[in-house]
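# Survey of secondary and tertiary structure
Each chain is listed here by its residues.
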Amino acid sequence: MCLSQQVARHNDRMDNSDIFEGSYNGPGEAKVIELTVEPATAEALAPFGAVIGRDAPVQPVSVDFYKGAVKMSYPARFVCEHPVEVTLAQLDRRPGEVRYMERHFQHTQAFLPLAGKSFIAVMAPPSDSDLPDLSQVRAFRFDGSAGFAMHLGTWHEFPFAVEDGTDLVVLLSSQTGYDLKAKDAVTEEAHGPDLDKKDIVARTGHVFRFELMGVQ
């Protein structure tokens, strides 16, 4: 199924027919899937997106006017169907637990760290189904020297800070903000033209956890 068909299908399901059955009373009732935090290398991230940094597998090109002192490279292709917002996310530590995952249909969201602080991103590859493939969910540690841009449709949770006061520049579509505000009062999920945000715990009975202690 192509991306445009996925958009049409999830938009058709934005009424009460999308409300899942059953009840959920907290992560304690869910089956825990432990994630091992692994380094965010370009090779490991390939199914999810592209690294933005000096170690990205692209060749820099000198800018003519500066005698080789300035070089430009193009590590990731950024796509957006709406105006791009340049935002600053100020992160403090929160538990290493993933209940929600979301994907974007209309832009390739990017995260760029400031001040060299590490952070963790939990992602699953784009899928044709209404939910991510739980067996493909992985946790990556970025050491603060590089960021990343996701493929269209990559499932993810918002990055986790390893230490308080971590700042990330987030490049995202203006449509995302509107879609997040359209949160369903019953399911506590959010859906819109760009965004598909699902409660993984309530829908699957699984919660993802990883250990923040010892991650640098």
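Residues numbered from 1 in each chain as written. Predicted model: local features only at pLDDT ≥ 70, side-chain atom pairs only at ≥ 80, totals over all residues. Heavy atoms only, no water.

What follows deals with the overall build of the protein. When its secondary structure is counted, the protein shows four helices and 18 strands. Out of the 216 residues in the protein, the part that is buried amounts to 42%. Within the protein, residue pairs in contact and separated by at least 24 positions form 81% of the contacts whose partners lie at least 6 positions apart. Within the structure as shown, the protein displays about 11500 Å² of accessible surface, and the carbon and sulfur contribution to it stands at 51%. (Helix = DSSP H or I, 4+ residues; strand = E, 2+ residues; numbered from the N terminus. Buried < 20%, exposed > 50% of the residue type's maximum accessible area, 1.4 Å probe, protein only. Contact = heavy atoms within 4.5 Å. Areas by Shrake-Rupley, 256 points an atom, 1.4 Å probe, with all protein chains shown as cover.)

On to unusual backbone geometry, then. Look at K67: it is not a glycine, yet its phi comes out positive at around 55 degrees. Mapping K67 onto the fold places it in the loop between β4 (61-62) and β5 (71-72). Here K67 falls in the exposed class, since its relative accessible area comes to 85%. Phi at E188 is positive, roughly 60 degrees, even though this residue is not glycine. Note on placement: E188 falls in the loop between α3 (174-181) and β16 (190-191).

Next up on the list: α3. Since the α-helix advances by 3.6 residues per turn, residues separated by three or four positions end up pointing in the same direction. Buried within α3 we find S174, Q175, T176 and D179. With a side-chain oxygen positioned 3.0 Å from the backbone nitrogen of Q175, the residue opening α3 is S173. (Polar contact = N/O pair within 3.5 Å; in protein donor to acceptor, adjacent residues only side chain to side chain.)

Bringing the pairing of strand β18 (residues 206-209) into the picture now. One ladder, built from four bridges, connects strand β1 (residues 31-34) with β18; its direction is parallel. Directly across from I33, in β18, lies its bridge partner F208. Here strand β7 (residues 97-98) pairs with β18 via two bridges, running antiparallel. Bridging across to β18, V98 finds its partner in F208. (Pairing = 2+ DSSP bridges.)

With that settled, consider the nonpolar core. Formed by 20 residues in total, the largest nonpolar core has its most connected members in L45, M123, F140, F142, F148 and L168. Those elements giving two or more residues to this core turn out to be α2 (42-45), β6 (84-91), β10 (119-124), β11 (138-142), β12 (147-150) and β15 (166-173). If we skip the residues at most four places from it in the chain, M123 touches L45, F48, M101, Q136, V137, R138, F140, F148, M150, T154, W155 and H156. In terms of nonpolar packing, the next biggest core, distinct from the first, is built from 15 residues, V122, V162, I200 and L212 among them. (Core = buried A, V, L, I, M, F, W, Y, C linked by side-chain atoms within 4.5 Å.)

Turning to the sheet that holds β18, a few remarks are in order. Each strand in a sheet pairs with another by means of backbone hydrogen bonds, the pair being arranged parallel or else antiparallel. Strand order in the open sheet formed by three strands is β1-β18-β7, with mixed pairing between adjacent strands. A single partner strand is all that each edge strand has here, and the edge strands are β1 and β7.

The next point concerns the packing of aromatic side chains. All told, the structure shown has eight aromatic pairs when counted by the stated rule. Each ring, one from F119 and one from F142, has its centre 4.7 Å from the other, and the planes form 0 degrees; the classification is stacked. Of this pair, F119 sits in strand β10 while F142 sits in strand β11; the two residues are 23 residues apart in sequence, bridging distant segments of the chain. Across the pair, exposure class does not vary: F119 and F142 are buried alike. (Phe/Tyr/Trp six-rings, centres within 6.5 Å; stacked < 30°, edge-to-face > 60°.)

Turning next to the sheet that holds β15. Ordered by their spatial adjacency, five strands build an open sheet running β3-β12-β9-β15-β6, and the pairing between neighbours is antiparallel. Of all strands in the sheet, those bounded by a partner on one side alone are β3 (49-52) and β6. The mean angle between the axes of side-by-side strands here comes to 20 degrees, regardless of whether they run parallel or antiparallel. Relative to β15, β6 runs antiparallel, the two being bridged by eight bridges. Opposite V86, over in β15, you have L171 as the bridge partner. Sitting on the sheet, α3 touches β6 and β15, and the angle it makes with β15 is about 95 degrees. (Axes fitted to C-alpha atoms, helices over the stretch in contact; angles between N-to-C directions.)

Attention now goes to the side chain of K197. Inspection of the secondary structure assignment puts K197 in strand β17 (residues 195-199). A distance of 2.7 Å separates a polar atom in the side chain of K197 from a polar atom in the side chain of E102. Sequence-distant contacts of K197, defined by excluding residues within four places in its chain, comprise Y100, M101, E102, E157, L180, E189, A190 and H191.

Moving on: the side chain of E102. In this fold, E102 is placed in strand β8 (residues 100-104). Assessed through its relative accessible area of 8%, E102 is described here as buried. Contacts of E102, omitting those with residues within four sequence positions, involve T154, W155, H156, L195, D196 and K197.

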